[in-house]
Amino acid sequence: MSGPLDFKLYVITGENYHPGRSMMEVMAAALRGGADIVQLRDKESPKRELIEKAKRLKELTAKYGVPLIVNDHPDVALAADADGVHLGQDDLPIEAARELLGPRRIIGISTHRIEQARAAERAGADYIGVGPVYPTGTKPGRQAVTTAYVAQAAAEIRIPFVAIGGITEANAEEVLRAGARRLCAVSAIVGHADPESVCRNLLEKINAWSLGEQAAVPASLPISVAQTLPERRDVREIALTVNGRSERTQAATLLELAAQYKLEGRSVVADLDGAVVPRQLWGETPLQGGCSVEFVHFVGGG
Amino acid sequence: MLREAEAEERYSRQIRFAPIGAQGQRRLGEASVLVVGAGALGASLAQHMVRAGVGRLRLVDRDYVELSNLHRQTLYDEEDAAEALPKAVAAAAKLRRVSGRARIEAFVADVDRRNAESLAADVDLVLDGTDNTATRLLLSDVCFGRGIPLVYGGVAGSEGMTALLVPGDHCCLRCLLGADEPDGDGAPTCDTLGVISPAVEMVAALQAAEALKALTGNRSALRGTWLTVDAWHFAVKEWKLPPPVEACLYCGWGEPTAAANRELAKHEGFVHAEDDLSREDHGDTADEDLSGDEPESEAENALPGDDSEAETENTLSSDDSEAEKLVVLCGRDTFQLMLKPSVSLAEWRRRLAEAGCAITADNRYLLRASTVEGERIVIFAEGRALIQGAGESERALDIYRHYLSDETRRRADERSVGF
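Computed from a prediction, not measured in an experiment: that's the story for all the values here.

## Brief notes about the overall build of chain B
So, point 1. Along chain B, the regular secondary structure elements total 17 helices and 15 strands.
So, point 2. Per-residue burial over chain B gives 51% buried out of 419 residues.
So, point 3. Residue pairs in contact within chain B that sit at least 24 positions apart in sequence constitute 66% of those at least 6 positions apart.

Here it is in structure tokens:
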């Protein structure tokens, strides 16, 4: 793993949901649709077979640069050189799993109450599952935690959390509204005839919420309030051209971009997409992905 | 009639150029243009305007001709440099030889808040040939206040930029650069980057082209862009100019002269804007005094308002009441200050010679002297002085105190009565 873990759409295998199609075929479709983390969950197969499946899946996810997580079994994860392991509340404790897996592999854990979420965060989990949000066939008999717990986690938990359990295209908005920015679906994706387009649709919804929030934060919240909000937003970064060079920036406005280049106090004329922008308007001129900015030093001789 | 026929012949190739035609040429003949600065850009602009047949050209400059100007300031020659003629005077003499038809008014002066209004009072267009941001912002304020189109131009190294800013259509220079951008903030100049003549001429040519369009009524042909050009690594770029900024006092709404601006902007090509904005508030007679009939007299005329203190930035305070403002000129080791205008050049000549200075230039417009230590003092007839080669402002103040304050005079007088 390089850099801190982050993802938006978590997909878990569920071979019983797609009789007649292979796991590899279905997961490939999910990856094409944009799934950016994959978990191998198979409560039936013997370990030897599980390792083989994990190896093949790892080969596939690696092509997409997506991490592969193995459910329940640190030893299988190690044997298949998977990127991490996902634990249940009754599985190996996080500390024990960390000892087996070392510092670089991902450890995630399912949580059903805020106390479990806090404990997981303290124990050094890389992410937590928050659910089941809705009643689900994957975990029959477990009571749904509802979006109330999603909102609790959103307000308090600093490590990435992913909402899971009965999430579909139909209810995704509700979960996102409660504060989730990462979704996990099993049957809704792998049980669908077209996993690729389901993934795409879900990602679109997630992105819409992430971006809308980004734009609102600096403008509508005082800095002190913004800083106290949980770290649950993806930092918005756009690609643009500055004086003919391709750059990436987190600057939301022309003024912020000028500040990055330390141009605030200089006699500089700014051009955005073919038009000069008056100095006073820099602060209220938003930057869109793909835009082109030129800063030219005012020429003073004569 | 003969004059008419001669004009037709003289401008025949320009009249044949369809967008100008006979009507455009007539408009040029009736147009008044102010060129501020007679350095590289200004001298070239003035020449373009006079050759094109502009009826009246007003030219103002604060400097005199030096050898280091000649590689790019195409109106001047070695003789002008040897005589240390003020640029406005040297330019006017050359321009009169180019065309006896044009009314040419030349002023040796530093453009500041006191005189800018009257200089721009009755012109149809202002061409920027200045060498500093402070004067450009001042021109922008005055032009946008009066609804006069301003053709900005700047050059340094091998590159330059230019834009025609039209009140009512575009925002002002202050809005483009920020409200109170200080001068000398690192905007490149000819003194920091050097400059090559082709870059000057490219920018001057682009400025002149926009001016011709505006003055001949070819308003739809105006670029409406901010243009940058590099003559060495050839590159031209342009960006659309933004509309007026609502909140701005100068180009936005709600300012006192906005209505006048819009009225004026309606005039196709801005000519014949019989702007009675002019003359009434200062009652100056400069116009009459400075007609082209008596070229020798004109540069000596002081501009209205010259008796008040200069309001310029980058000033140093001094204990001496006479040198309240010591101004750094364009980062080239030159300080400018105002002396008592009552002292004549002849009197200054006597005083400086008494103080041990060598007089290196002495004409009716200015006096130049070398101090014992080798710095140069230049005194213009209107009472403005330049101190060159002093390096530090402290040294410039010392030179002032030693050679130019009343103290000098007292010492000289004491000697002359035999104490």
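## Some remarks on the overall build of chain A
So, point 1. In terms of helices and strands, chain A carries eleven helices and 13 strands.
So, point 2. By the burial criterion, 40% of the 302 residues in chain A qualify as buried.
So, point 3. Within chain A, contacts between residues separated by at least 24 positions form 60% of all contacts whose residues are at least 6 apart in sequence.

## Looking at the nonpolar core
So, point 1. The biggest cluster of nonpolar side chains holds 132 residues, and the ones touching the most others in it are V33(B), A46(B), L59(B), A91(B) and V126(B).
So, point 2. Element by element, the count of residues in this core is highest for helix α11 (residues 197-215) of chain B, at eleven residues.
So, point 3. A54(A), A97(A), Y149(A) and V186(A) belong to the second largest nonpolar core, which has 64 residues in total.

## Observations concerning unusual backbone geometry
So, point 1. Residue G131(A) is joined to P132(A) through a cis peptide bond whose omega torsion reads 0 degrees.
So, point 2. Backbone geometry at D81(A) places phi at a positive 55 degrees, although glycine is not the residue there.
So, point 3. The topology assignment puts D81(A) in the loop between α3 (74-79) and β4 (84-87).
So, point 4. For A84(B), which is not glycine, the phi dihedral falls at a positive 50 degrees.
So, point 5. Turning to its location among the elements, A84(B) is positioned in the loop between α5 (78-83) and α6 (87-98).

## Describing α6(B)
So, point 1. Between its first and last C-alpha, α6(B) extends 16 Å over twelve residues, near the 16 Å set by a 1.5 Å rise per residue.
So, point 2. When we look at burial in α6(B), the residues that qualify are K87(B), A88(B), V89(B), A90(B), A91(B), A92(B) and L95(B).

## Brief notes about the pairing of strand β3 (residues 103-108) of chain B
All names here are of chain B.
So, point 1. Counted residue by residue, β3 has five buried out of six residues, so it is predominantly covered.
So, point 2. Where strand β2 (residues 56-61) lies against β3, six bridges are found, and the strand directions are parallel. When the bridges of β3 are listed, L57 appears paired with I104.

## Thoughts on the confidence of the model for chain A
So, point 1. For chain A, mean pLDDT is 87; residues scoring 70 or higher make up 90% of the total.
So, point 2. Of the regions scoring below 50 in pLDDT, residues 212-233 of chain A engages in 16 contacts with residues more than four places distant in sequence or in other chains.

## Quick word on the packing of helix α1 (residues 23-32) of chain A against helix α2 (residues 47-63) of chain A
Residues and elements named next belong to chain A.
So, point 1. Where α1 contacts α2, the two axes come as close as 11 Å, and the packing angle between them is 25 degrees. Here α2 runs roughly parallel to α1, going by the angle between their axes. Handedness of the α1/α2 crossing: right-handed. Within the contact between the two elements, α1 uses M23, M24, M27, A28 and L31 and α2 uses K53, R56, L57, L60 and T61.
So, point 2. Across the contact of α1 with α2, the residue classes tally to seven nonpolar, one polar and two charged.

## Observations regarding the pairing of strand β1 (residues 32-36) of chain B
All names here are of chain B.
So, point 1. Extensive coverage of β1 is indicated by the burial of five of its five residues.
So, point 2. Here β1 shows two buried faces, one formed by S32, L34 and V36 and the other by V33 and V35.
So, point 3. Once the chain exits β1 it traverses helix α4 (residues 40-52) before rejoining the sheet at β2, and the crossover so formed is right-handed.
So, point 4. Bridge count between β1 and strand β4 (residues 125-128): four bridges; the pairing is parallel. Counterpart to V33 in the pairing with β4 is L125.

## A closer look at the interface of chain B and chain A
So, point 1. Each side of the interface is counted separately: chain B has 38 residues, and chain A has 19 residues.
So, point 2. Sorting the residues of the side of chain B that touches chain A by element identifies α4, β5 (150-156), β6 (159-165), α9 (173-177), β7 (225-230) and β8 (235-240) of chain B as the ones contributing at least two each.
So, point 3. Its residues placed into classes, the side of chain B that touches chain A shows 19 nonpolar, 14 polar and five charged.

## Section: α1(A)
So, point 1. For α1(A), the full list of buried residues reads V26(A), M27(A), A29(A), A30(A) and L31(A).
So, point 2. Of the residues trailing α1(A), G34(A) is marked for its positive phi of about 115 degrees.

## Here's the deal with the environment of G165(A)
All names here are of chain A.
So, point 1. As for its placement among the helices and strands, G165 is situated in the loop between β7 (161-163) and α7 (172-177).
So, point 2. Using a count of 24 C-beta atoms within 10 Å as the deciding quantity, one classes G165 as buried.
So, point 3. Placed 22 residues apart in sequence, G165 and S187 show a C-alpha to C-alpha distance of 9.4 Å.
So, point 4. The residues touching G165, leaving out its near neighbours within four places in the chain, are G131, P132, V133, Y134, T136, K139 and A144.

## Brief notes about the confidence of the model for chain B
Reading predicted coordinates in detail is not appropriate for stretches of low pLDDT.
So, point 1. Looking at chain B, the pLDDT average stands at 81 and 75% of residues meet or exceed 70.
So, point 2. Counted against residues more than four places away or in other chains, residues 254-302 of chain B, with its pLDDT under 50, gives 81 contacts.

## A closer look at the environment of P19(B)
Residue and element names in this part refer to chain B.
So, point 1. The topology assignment puts P19 in the loop between α2 (12-16) and α3 (21-30).
So, point 2. Looking at P19, the number of C-beta atoms within 10 Å reads 12, which means it is exposed.
So, point 3. Between the alpha carbons of P19 and T216 there is a distance of 8.3 Å; along the sequence they are 197 residues apart.
So, point 4. Apart from the residues within four sequence positions on either side, P19 is in contact with G24, N218 and A221.

## Considerations on the environment of G300(A)
So, point 1. Here G300(A) lies in the segment after β13 (292-297).
So, point 2. Look at G300(A) and you get buried, because 28 C-beta atoms sit within 10 Å.

The rules behind each value
Residues numbered from 1 in each chain as written. Chains lettered and ligands numbered in written order. Predicted model: local features only at pLDDT ≥ 70, side-chain atom pairs only at ≥ 80, totals over all residues. Helix = DSSP H or I, 4+ residues; strand = E, 2+ residues; numbered from the N terminus. Buried ≥ 20, exposed ≤ 12 C-beta atoms within 10 Å, placed from the backbone. Contact = placed C-beta atoms within 7 Å. Core = buried A, V, L, I, M, F, W, Y, C linked by C-beta atoms within 7 Å. Expected span 1.5 Å × (residues − 1). Pairing = 2+ DSSP bridges. pLDDT = per-residue confidence, 0-100. Axes fitted to C-alpha atoms, helices over the stretch in contact; angles between N-to-C directions. Parallel < 35°, antiparallel > 145°, perpendicular 65-115°, else oblique. Left-handed = near helix turned anticlockwise from the far one by under 90°. Nonpolar A, V, L, I, M, F, W, Y, C, P; charged D, E, K, R; others polar. Right-handed = clockwise from strand over helix to strand, strands pointing away.

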